[in-house]
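# Chain and residue survey
The chain contents come next:
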Amino acid sequence: MTLECINPRDLPTPTTYTQVVVASGTKLIFVAGQEPEDIDGKLVGPGDLAVQARQVFANLGRALAAAGAFPEQVAKITIYVVDYERDRHLAIIEEARVVLFGGHKPADVLVGVTALSPGYLIEVDAFAVVDG
């Protein structure tokens, strides 16, 4: 499996993601939206985006592991955030994201939404590519 991360010279170079990811491998893994829930399905960190973001990315890591994938094999993620404001929220999300991904920067989409499940502030899904 290989991921070629490309930031074209004629596009802005983002600091937190990659503009284009070319994935080569034999197996695609689609991870459903991970919510800020504990093992019992209970909301973690009501009203606290930082706590919820850490839980969501930790859950994403567990979901990837269950499929035999590693964070560095993720080609793309979509992040949904309630009432998203870049200046208020991006640094909080990125702090949680880097714990899972380290220096790996999959392509991403960050979508501001009006609501998720009651009390839920963030959700993240992913696509990974692995060999075998």
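Predicted model only: the values in this text are computed from it and were never measured.

Cut-offs applied
Residues numbered from 1 in each chain as written. Predicted model: local features only at pLDDT ≥ 70, side-chain atom pairs only at ≥ 80, totals over all residues. Heavy atoms only, no water. Pairing = 2+ DSSP bridges. Helix = DSSP H or I, 4+ residues; strand = E, 2+ residues; numbered from the N terminus. Axes fitted to C-alpha atoms, helices over the stretch in contact; angles between N-to-C directions. Contact = heavy atoms within 4.5 Å. pLDDT = per-residue confidence, 0-100. Core = buried A, V, L, I, M, F, W, Y, C linked by side-chain atoms within 4.5 Å. Buried < 20%, exposed > 50% of the residue type's maximum accessible area, 1.4 Å probe, protein only. Expected span 1.5 Å × (residues − 1). Polar contact = N/O pair within 3.5 Å; in protein donor to acceptor, adjacent residues only side chain to side chain.

What follows covers the sheet that holds strand β4 (residues 74–82). The mixed open sheet is built from four strands, whose spatial order is β3-β6-β4-β5. Edge positions in the sheet fall to β3 (27–34) and β5 (107–113), since each of these pairs with one other strand and no more. On average, each strand axis in the sheet is inclined to that of its neighbour by 10°, with strand direction left out of account. Bridge analysis of β4 against strand β6 (residues 122–130) gives seven bridges, and the strand direction is antiparallel. Following the sheet pairing, Y80 is matched in β6 by E123. On the sheet, helix α1 (residues 49–66) packs against β3, β4 and β6 and is oriented at approximately 25° with respect to β6. Against the sheet, helix α2 (residues 86–101) engages β4, β5 and β6, with an angle of about 145° to β4.

Right, let's get into the confidence of the model for the protein chain. On average, residues of the protein chain score 95 in pLDDT, and 100% of them reach the 70 mark or higher. The weakest mean pLDDT in the protein chain belongs to strand β1 (residues 2–6) at 90; the strongest belongs to β4 at 98.

Let us look at the nonpolar core. In terms of nonpolar packing, the biggest core is built from 22 residues, with F57, L60, I77, I79, I122 and V124 touching the most fellow members. At the level of elements, β3, α1, β4, α2 and β6 are the ones that each hand at least two residues to this core. The element that contributes the greatest number of residues to this core is α1, accounting for six residues. With sequence-adjacent residues up to four places away left out, F57 is seen in contact with I77, I79, I93, A96, R97, L100, F101 and V124.

This next bit is on α2. Think of an α-helix as turning once every 3.6 residues; residues three or four places apart then point the same way. Taken together, the buried positions of α2 are H89, L90, I93, E94, A96, R97, L100 and F101. Residues of α2 that are buried make contact with α1, β4, β5 and β6. G102 occupies a position one or two residues after α2 and carries a positive phi of about 55°.

Here α1 is 18 residues long and its end C-alpha atoms lie 25 Å apart, about the 26 Å a rise of 1.5 Å per residue gives. When α1 is considered as a whole, its buried residues turn out to be L49, Q52, A53, Q55, V56, F57, N59, L60, G61 and L64. Turning to α1, the residues buried within the fold contact β3, β4, α2 and β6. For α1, the side-chain oxygen to backbone nitrogen distance between the N-cap and A50 is 3.1 Å, and the N-cap itself is D48. A positive backbone phi angle near 80° is found at G68, which sits one or two residues after α1.

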